Amino acid sequence: MATVLNDVDEQLAGALRAQGLRVTSQRLVIHRLLREHGGHVTAEEVMGAVEPGLPGTSLPTVYATLELFEELGIVRRVHPGRGPVLFDSRLDEHPHVRCRHCGRVSDLEGSGALQSALRAAQDVAEGQGFTAERAEVVVSGVCADCRIAGAG
Ligand SMILES: [Zn+2]
Ligand SMILES: [Zn+2]
């Protein structure tokens, strides 16, 4: 792969170099995909999207890369309750909805009060001497599409 880095790549390259880590084409391609996708993806979905351009990429490598990105603060991990772990390129605390029928996970829009509550919960935890790392809300149920289709 020609290593002409665009702005998105440079952000990753900077974060990697700051940790003394190598800038590899695999890391660059996965990072680009996350930024372009902009939603919630599973490691399997990332794998499926990058594999054609990076033959020989394995799922453990994709997982390791996503975990590295999490450590670098580039993605957040979302635990939707059931189903595979998702990686979210939106970095602020925000609540999610998960459809138990189709498994789709989306951001819960217009949820400023909830976001404040998530931050407040962490502040309270900190006040009790707890080192808060994250607070999560996942509302599960049946999405509008599935309900219309008669599911649930
Ligand atoms: Zn659904
Ligand atoms: Zn999200």
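Let us look at the structure shown here. Being a predicted model, the structure only gives us computed values, none of them experimental. (Residues numbered from 1 in each chain as written. Chains lettered and ligands numbered in written order. Predicted model: local features only at pLDDT ≥ 70, side-chain atom pairs only at ≥ 80, totals over all residues. Heavy atoms only, no water.)

On to the sheet that holds strand β1 (residues 40–41), then. Across the sheet, which stays open at both edges, the 3 strands sit in the order β1-β3-β2 with antiparallel pairing between neighbours. Of all strands in the sheet, those bounded by a partner on one side alone are β1 and β2 (76–78). By the bridge criterion, 3 bridges tie β2 to strand β3 (residues 86–88) in an arrangement that is antiparallel. Bridge pairing links Arg76 to Asp88 in β3. (Pairing = 2+ DSSP bridges. Helix = DSSP H or I, 4+ residues; strand = E, 2+ residues; numbered from the N terminus.)

This structure, assessed with the given rule, holds 7 salt bridges. Residues Asp145 and Arg104 are paired through a salt bridge, measuring 3.1 Å at the closest nitrogen-oxygen approach. A residue pair is termed long-range when its members are at least 10 positions apart, and Asp145 in helix α6 (residues 144–148) and Arg104 in the loop between β4 (96–99) and β5 (105–107) qualify at 41 residues. The network of salt bridges with shared partners includes Glu67, Glu70 and Arg77. (Salt bridge = Lys/Arg side-chain N within 4 Å of Asp/Glu carboxyl O.)

Bringing the coordination of the zinc ion (ligand 1) into the picture now. Bound to the zinc ion (ligand 1) are the protein donor atoms Cys99 (SG), Cys102 (SG), Cys143 (SG) and Cys146 (SG), situated 2.3 Å from the metal. With 4 donor atoms in place around the zinc ion (ligand 1) and angles of 104 to 116° between them, the coordination shape is tetrahedral. One chain supplies every donor for the zinc ion (ligand 1), spaced along it as C-x2-C-x40-C-x2-C. Note that Cys102 is positioned in the loop between β4 and β5 and Cys146 in helix α6, a separation of 44 residues in sequence. Residue Cys102 is classed as partly exposed on the basis of its relative accessible area of 41%. By relative accessible area, which is 8% here, Cys146 ends up buried. (Donors = N, O, S within 2.8 Å, 3.2 Å for Na, K, Ca; no water. Tetrahedral: all angles 85-135°; square planar, octahedral: opposite > 155°, others 65-115°. Buried < 20%, exposed > 50% of the residue type's maximum accessible area, 1.4 Å probe, protein only.)

Pairing is mixed across the open sheet formed by 3 strands, whose spatial order is β5-β4-β6. Of all the strands in the sheet, the pair left with one neighbour each is β5 and β6 (138–141). Going across the sheet, the axis of each strand differs from the next one's by a mean of 25°, ignoring polarity. Pairing between β4 and β5: 3 bridges, direction antiparallel. Bridged to Val97 within β5 is Ser106. (Axes fitted to C-alpha atoms, helices over the stretch in contact; angles between N-to-C directions.)

Quick look at the packing of helix α2 (residues 25–37) against helix α3 (residues 43–50) now. The N-to-C vectors of α2 and α3 enclose an angle of 110°; their axes lie 10 Å apart at closest approach. The pairing of α2 with α3 is recorded here as roughly perpendicular in orientation. Relative to α3, the crossing made by α2 is right-handed. Packed against α2, whose contacting residues are Val29, Ile30, Leu33 and Leu34, the element α3 presents Val46, Ala49 and Val50 at the interface. Classifying every residue of the contact of α2 with α3 gives 7 nonpolar, no polar and no charged. (Parallel < 35°, antiparallel > 145°, perpendicular 65-115°, else oblique. Left-handed = near helix turned anticlockwise from the far one by under 90°. Contact = heavy atoms within 4.5 Å. Nonpolar A, V, L, I, M, F, W, Y, C, P; charged D, E, K, R; others polar.)

All right, on to the coordination of the zinc ion (ligand 2) then. Taken together, His40 (NE2), Asp88 (OD), His94 (NE2), His96 (NE2) and Asp107 (OD) make up the full set of protein donors to the zinc ion (ligand 2), lying 2.0 to 2.1 Å away. In primary-sequence terms, the residues that donate to the zinc ion (ligand 2) follow H-x47-D-x5-H-x1-H-x10-D. Taken together, the residues span a long stretch of sequence, with His94 in the loop between β3 and β4 and Asp107 in strand β5 at a distance of 13 residues. Comparing His94 with Asp107 shows no difference in burial state: the two are buried.

Take it as geometry only, folks, not as evidence of what the structure does.
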